[in-house]
Amino acid sequence: MRSVYLVCYDVADPKRLRRTYKKMRGFGLPLQFSVFRCELSPVERQRMKEALWEILNWAEDRVILVNLGPVGARGDHCLQYWGPPRNEPPKRTAWIF
């Protein structure tokens, strides 16, 4: 059974932060820069956990995973959004001279 999860993270290093954001895009929808809504089966949840454990430094970083309930039930209705929708971070290009 798939459940809705709220995944929030606090990553100290900018490089790990970017890698975490890119990895999380494969598991859910960004609500804010470090907050994602994910619909995951138990297997997908484990895959996400393993993917994050490869990136994060547990002496400096942390993740909060909140199970909001089954898809189609409470998990779909318990979040409220206030303010403008979240915009994608700007794309950056490095120039080497």
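What comes next concerns the included structure. Just so it is clear, the model here is predicted, and its values are computed rather than measured.

Conventions used here
- Residues numbered from 1 in each chain as written.
- Predicted model: local features only at pLDDT ≥ 70, side-chain atom pairs only at ≥ 80, totals over all residues.
- Heavy atoms only, no water.
- Helix = DSSP H or I, 4+ residues; strand = E, 2+ residues; numbered from the N terminus.
- Buried < 20%, exposed > 50% of the residue type's maximum accessible area, 1.4 Å probe, protein only.
- Areas by Shrake-Rupley, 256 points an atom, 1.4 Å probe, with all protein chains shown as cover.
- Core = buried A, V, L, I, M, F, W, Y, C linked by side-chain atoms within 4.5 Å.
- Contact = heavy atoms within 4.5 Å.
- Salt bridge = Lys/Arg side-chain N within 4 Å of Asp/Glu carboxyl O.
- Phe/Tyr/Trp six-rings, centres within 6.5 Å; stacked < 30°, edge-to-face > 60°.
- Axes fitted to C-alpha atoms, helices over the stretch in contact; angles between N-to-C directions.
- Parallel < 35°, antiparallel > 145°, perpendicular 65-115°, else oblique.
- Left-handed = near helix turned anticlockwise from the far one by under 90°.

### Topic: the overall build of the protein chain
Looking only at helices and strands, one finds two helices and four strands in the protein chain. Counting helices and strands in the order they occur from the N terminus, the protein chain gives β-α-β-β-α-β. Per-residue burial for the protein chain yields a buried fraction of 30% across its 97 residues. Summed over all atoms, the accessible surface of the protein chain reaches about 7,300 Å², with 56% contributed by carbon and sulfur.

### Topic: the nonpolar core
V7, Y9, M24, F36, C38 and M48 are the most contacted members of the largest nonpolar core, which has 13 residues in total. If you list the elements that add at least two residues to this core, you get strand 1 (3–10), helix 1 (14–24), strand 3 (35–40) and helix 2 (42–55). Apart from the residues lying within four places of it in its own chain, the contact partners of M48 are V7, M24, F27, C38, L40 and L65. Membership of the second largest hydrophobic core comes to five residues, among which are V4, L6, C8 and L68.

### A closer look at the pattern of salt bridges
The full count for this structure, using the stated rule, is five salt bridges. For E39, the salt bridge identified is with R37, shortest N-O distance 3.0 Å. On the basis of relative accessible area, R37 is assigned to the buried category, the value being 15%.

### Notes on the packing of aromatic side chains
Applying the stated criterion across every chain, the model contains three aromatic pairs. Among the aromatic residues, those joined into a ring-pair cluster are Y9, Y21 and F36.

### Things to note about the packing of helix 1 against helix 2
Where helix 1 meets helix 2, the axes come as close as 10 Å, and the angle between the chain directions of the two elements is 165°. Of the possible angle classes, the one that applies to helix 1 and helix 2 is roughly antiparallel. Seen along the crossing, helix 1 lies across helix 2 with a hand that is right-handed. Touching R16, R19, T20, K23 and M24 of helix 1 are M48, A51, L52 and I55, all from helix 2.

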